[in-house]
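Structural characterization, general
Here is what each chain is made of, one letter per residue.
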Amino acid sequence: MSTPPLLHVENLGIHFGSPADPVKAVDGISFEMQTGETLAVVGESGSGKSVTALALTRLLATPPARIVSGKIEFEGRDVLQLPDSSLRSLRGKQIAYIFQEPSSSLNPVFTIGYQIREAIELHRPEVDDVKREIIRALDTVGIREPAKRLDDYPHQLSGGMQQRVMIAMALACQPKLLVADEPTTALDVTIQKQIIDLLKELKQTSNMAILLITHNFGLVSDFADRVAVMFRGKIVETGPTAEVLRNPQHLYTRALIECVPKLGQKQHRLKVIDYAGIK
Amino acid sequence: MPESSNSPVSEPLLKVDHLKVCFPVLGGIFRRQVGEVRAVDDVSFTVQKGQTVGLVGESGSGKTTIGRAIIRLVEPTAGSILYEGREISRLDAGSFRPYRKKIQIIFQDPYNSLNPRLSIFEIIGEALEIHFPAMSRGDRRARVAELLDKVGLKRDHLDRYPHEFSGGQRQRIGIARALAVDPAFIVCDEPVSALDVSVQAQIVNLLQDLQEELGLTYLFIAHDLAVVEHISDFVLVMTNGKIVEAAPAEAIYENPQHEYTRKLLSAVPKL
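Because the structure is a prediction, the values reported are computed rather than measured.

Here is what the cut-offs are and how they apply
- Residues numbered from 1 in each chain as written.
- Chains lettered and ligands numbered in written order.
- Predicted model: local features only at pLDDT ≥ 70, side-chain atom pairs only at ≥ 80, totals over all residues.
- Helix = DSSP H or I, 4+ residues; strand = E, 2+ residues; numbered from the N terminus.
- Rg over C-alpha atoms; globule rule 2.2 N^0.38 Å.
- Buried ≥ 20, exposed ≤ 12 C-beta atoms within 10 Å, placed from the backbone.
- Contact = placed C-beta atoms within 7 Å.
- Pairing = 2+ DSSP bridges.
- Axes fitted to C-alpha atoms, helices over the stretch in contact; angles between N-to-C directions.
- Arc of directions from axis to C-beta.
- Core = buried A, V, L, I, M, F, W, Y, C linked by C-beta atoms within 7 Å.
- pLDDT = per-residue confidence, 0-100.
- Parallel < 35°, antiparallel > 145°, perpendicular 65-115°, else oblique.
- Left-handed = near helix turned anticlockwise from the far one by under 90°.
- Nonpolar A, V, L, I, M, F, W, Y, C, P; charged D, E, K, R; others polar.
- Expected span 1.5 Å × (residues − 1).

Things to note about the overall build of chain B
Regarding its fold elements, chain B presents nine helices and ten strands. Relative to the compact-globule value of 18 Å for 271 residues, chain B shows a C-alpha radius of gyration of 19 Å, a close match. For the C-alpha atoms alone, the extent of chain B along its principal axes is close to 60 × 50 × 50 Å. Taking all 271 residues of chain B together, 44% fall into the buried category. Excluding contacts between residues fewer than 6 apart, the proportion of contacts in chain B whose partners are at least 24 apart in sequence is 66%.

Focus: the pairing of strand β10 (residues 234–240) of chain A
Where strand β9 (residues 226–231) of chain A lies against β10 of chain A, six bridges are found, and the strand directions are antiparallel. Pairing of methionine 230 of chain A across the sheet is with isoleucine 235 of chain A, part of β10 of chain A.

Looking at the environment of leucine 216 of chain B
All names here are of chain B. Mapping leucine 216 onto the fold places it in the loop between α6 (197–214) and β8 (217–222). Under the C-beta neighbour-count criterion, leucine 216 is labelled buried, with 22 such atoms within 10 Å. Considered as a pair, leucine 216 and lysine 49 are 167 residues apart in the sequence and their alpha carbons are 7.6 Å apart. Sequence-distant contacts of leucine 216, defined by excluding residues within four places in its chain, comprise Ala184, Ile186, Leu210 and Gln211.

Quick look at the interface of chain A and chain B
Tallying the contact residues gives 29 residues for chain A and 27 residues for chain B. Breaking the side of chain A that touches chain B down by element, the ones donating at least two residues are α8 (189–205) and α10 (251–258) of chain A. The element best represented in the side of chain A that touches chain B is α8 of chain A, accounting for four residues.

So, the sheet that holds β8 of chain B
Pairing between the strands of a sheet is mediated by backbone hydrogen bonds and can be parallel or antiparallel. Residue and element names in this part refer to chain B. The mixed open sheet is built from six strands, whose spatial order is β6-β7-β8-β3-β9-β10. Edge positions in the sheet fall to β6 (103–106) and β10 (242–248), since each has one partner strand and no second. Between one strand axis and the next, the sheet turns through 15° on average, direction left out of account. Bridge count between strand β3 (residues 52–56) and strand β9 (residues 234–239): four bridges; the pairing is parallel. Residue leucine 55 lies in a different strand from β9, and its bridge partner there is leucine 236. Packing against the sheet, helix α9 (residues 259–267) makes contact with β3, β9 and β10, and its axis sits at approximately 100° to β9.

Here we look at helix α5 (residues 130–140) of chain A
All names here are of chain A. Within α5, burial applies to Ile134, Ile135, Ala137 and Leu138. Seen along its axis, α5 keeps its buried residues to an arc of 160°; they face one direction. Here the buried face of α5 lies against α4 (112–123), α6 (146–149) and α7 (159–172).

Quick look at unusual backbone geometry
Peptide bonds are, in most cases, trans, and in most cases residues other than glycine have a negative phi. Threonine 62 of chain A connects to proline 63 of chain A through a cis peptide bond whose omega is -10°. Note that proline 63 of chain A resides in the loop between α1 (49–55) and β4 (66–74). Between proline 63 of chain A and proline 64 of chain A the backbone carries a cis peptide bond, its omega angle lying at 10°. For proline 64 of chain A, the location among the structural elements is in the loop between α1 and β4. Despite not being glycine, asparagine 11 of chain A shows a phi value in the positive range, around 50°. Here asparagine 11 of chain A lies in strand β1 (residues 7–16). The phi angle at arginine 72 of chain B is positive, at roughly 65°, despite the residue not being glycine. With respect to the helices, strands and loops of the structure, arginine 72 of chain B is situated in the loop between α1 (63–70) and β4 (78–83). With 17 C-beta atoms packed within 10 Å, arginine 72 of chain B lands in the partly exposed category.

Focus: the environment of arginine 226 of chain A
All names here are of chain A. Inspection of the secondary structure assignment puts arginine 226 in strand β9. A tally of 21 C-beta atoms within 10 Å means that arginine 226 is categorised as buried. Every residue in contact with arginine 226, bar those within four places of it in the chain, is listed here: Leu39, Thr238, Gly239, Pro240 and Thr241.

Brief notes about the sheet that holds strand β2 (residues 23–33) of chain A
All names here are of chain A. The sheet built from four strands is open, its strands ordered β2-β1-β4-β5 with antiparallel pairing. Strands with a single pairing partner mark the edges of an open sheet, and in this sheet they are β2 and β5 (77–78). Looking at chain direction, β1 and β4 are connected through seven bridges and run antiparallel. Within the sheet, the bridge partner assigned to histidine 15 lies in β4 and is arginine 66.

Notes on the nonpolar core
Within the largest apolar cluster, 156 residues are counted, with the highest numbers of intra-cluster contacts made by Ala168 and Leu211 of chain A together with Phe220 of chain B. The element that contributes the greatest number of residues to this core is α7 of chain A, accounting for nine residues. The residues touching leucine 211 of chain A, leaving out its near neighbours within four places in the chain, are Met33, Leu39, Val41, Ala53, Leu177, Val179 and Ala180 of chain A.

Some words on the environment of alanine 251 of chain B
Residue and element names in this part refer to chain B. Relative to the helices and strands, alanine 251 resides in helix α8 (residues 249–254). Judged by local crowding, alanine 251 falls into the partly exposed class, with 14 C-beta atoms found within 10 Å. Distance in space between the C-alpha atoms of alanine 251 and tyrosine 99 is 33 Å, their sequence separation being 152 residues.

Examining the confidence of the model for chain B
All names here are of chain B. Taken over all residues, the pLDDT of chain B has a mean of 89, while the share at 70 or more is 97%. Low confidence marks residues 1–7, where pLDDT is under 50. Its contacts with residues over four positions away, or in another chain, come to zero contacts. For this predicted complex, the interface confidence score (ipTM) comes to 0.79, while the overall pTM stands at 0.84.

Quick notes on the packing of helix α3 (residues 120–131) of chain B against helix α5 (residues 167–179) of chain B
Residues and elements named next belong to chain B. One way to put it is that α3 packs onto α5 with a least axis distance of 8 Å and a crossing angle of 30°. For the element pair α3 / α5, the angle class is roughly parallel. In this structure, α3 meets α5 at a crossing whose hand is right-handed. Mapping the contact onto sequence places Ile120, Ile123, Ile124 and Ala127 in α3 and Ile173, Ala176 and Arg177 in α5. Partitioned by chemical class, the residues of the contact of α3 with α5 number six nonpolar, no polar and one charged.

Observations regarding α7 of chain A
Residue and element names in this part refer to chain A. With 14 residues, α7 should cover 20 Å at 1.5 Å per step; its first-to-last C-alpha distance of 20 Å lies within 8% of that length. Summarising burial for α7: 13 of the 14 residues are buried, a large majority. Once α7 ends, the next one or two residues include glutamine 174, with phi positive near 50°.

Written as structure tokens, this is what we have:
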């Protein structure tokens, strides 16, 4: 028997609102990820990409959300049927998240060392020297003199540093899949580049799969192996990144690529998406 | 020296001259000043009428502080700000009021810059009440409706509240609010940084359309050089409170002089 893919999502449908007149946030999407692979899900606000990401470990509050169809398999196990106890080991240990707003993802009243320690002690009880492990994690994400930063509170760090701490916390549990949900949207372009470079480096040094969720096609070009483009709850196009960028098939993909401002190409006006023209 | 009656070769609309803004650092139990942060450190530039000047730099570089000093949300420590040749940074509140009508600002965060308890009519109409006290309520409603049209919203959005709108729509409301009093100069403080790229394109285009239609002058503050290069005629690059490079938009891209400019250029996502 061949080994199952790391992640297999089939015909996933997630609705909000009343059953009579549901909002179809995710409308029958299917995709797969292999071990060590990087997939970028690109789409605008409201396209359903974050809802998909949260559903992977059943982080969506139900209600209001309802998973109406499909299955999510992680290493062959159906996530939607898992008991709560197994879910707990899936979250963080197998699938870790980093979110858009690092400042609101970290707990402001605990030091960063404490928060990383919590994750390690919960998911890797076998680790003896937890402190060394925390320092190692902070060092991996490029925080200088990590031993001195352990007792810092989140507000003492800049946005870029906070996001590094989030990544360190996610990595400390050695997950098989890292879900990065708009990890750089709240950051400056220069810091954005540093964080993307860091994720790129991690991708090369570990065998961790990364699911990058973004609204900006500019970020995926030299980062993701494959892209899936989401529009109104559906995946409208998917393929190897270079191919999709070079030869987008769907009108929406083309529009989304074109609206990114390009340096050195003075246009009279930026291209905008003509929603009426897309089916 | 002969006083020329005609204005000299295009006097700039705005002239910032050796501007310095320092924030005190307080310490000790008596909260005495123990030092200062030079947020803006000896900055000079001019903005010509009808032009867009882009101000680009990272967080903490001082670019927002410059914008805030121009509309008097922070007091300059030294230097001067001249609007149509007249020093405005030392005016008292009353004498500055006419300039509040001419100089407006669009803020970065469309979520926190609109009062959630006021309707769209109240948010936009408030400025009209202050600056055009003679206007009747009916006239104000008509004017706000016209402004909503102008920024691409619907007239029946008038009595809705901010939470009913998306980020892009909220930014349109912020633009309508700035336009209400018929300004000549608008400080756009990172107006698109919090938006999706697709919405960013719509808002940038709206700003350009309005500029053409109304002859507006912009100071466009942002951290993304690609957006700044697109919208600006002239670009100022700022880091650590100082302007390190000032050049026409094309020159910044084609021939960056300062190392920091090159760093910003390399950070722009490439397709």
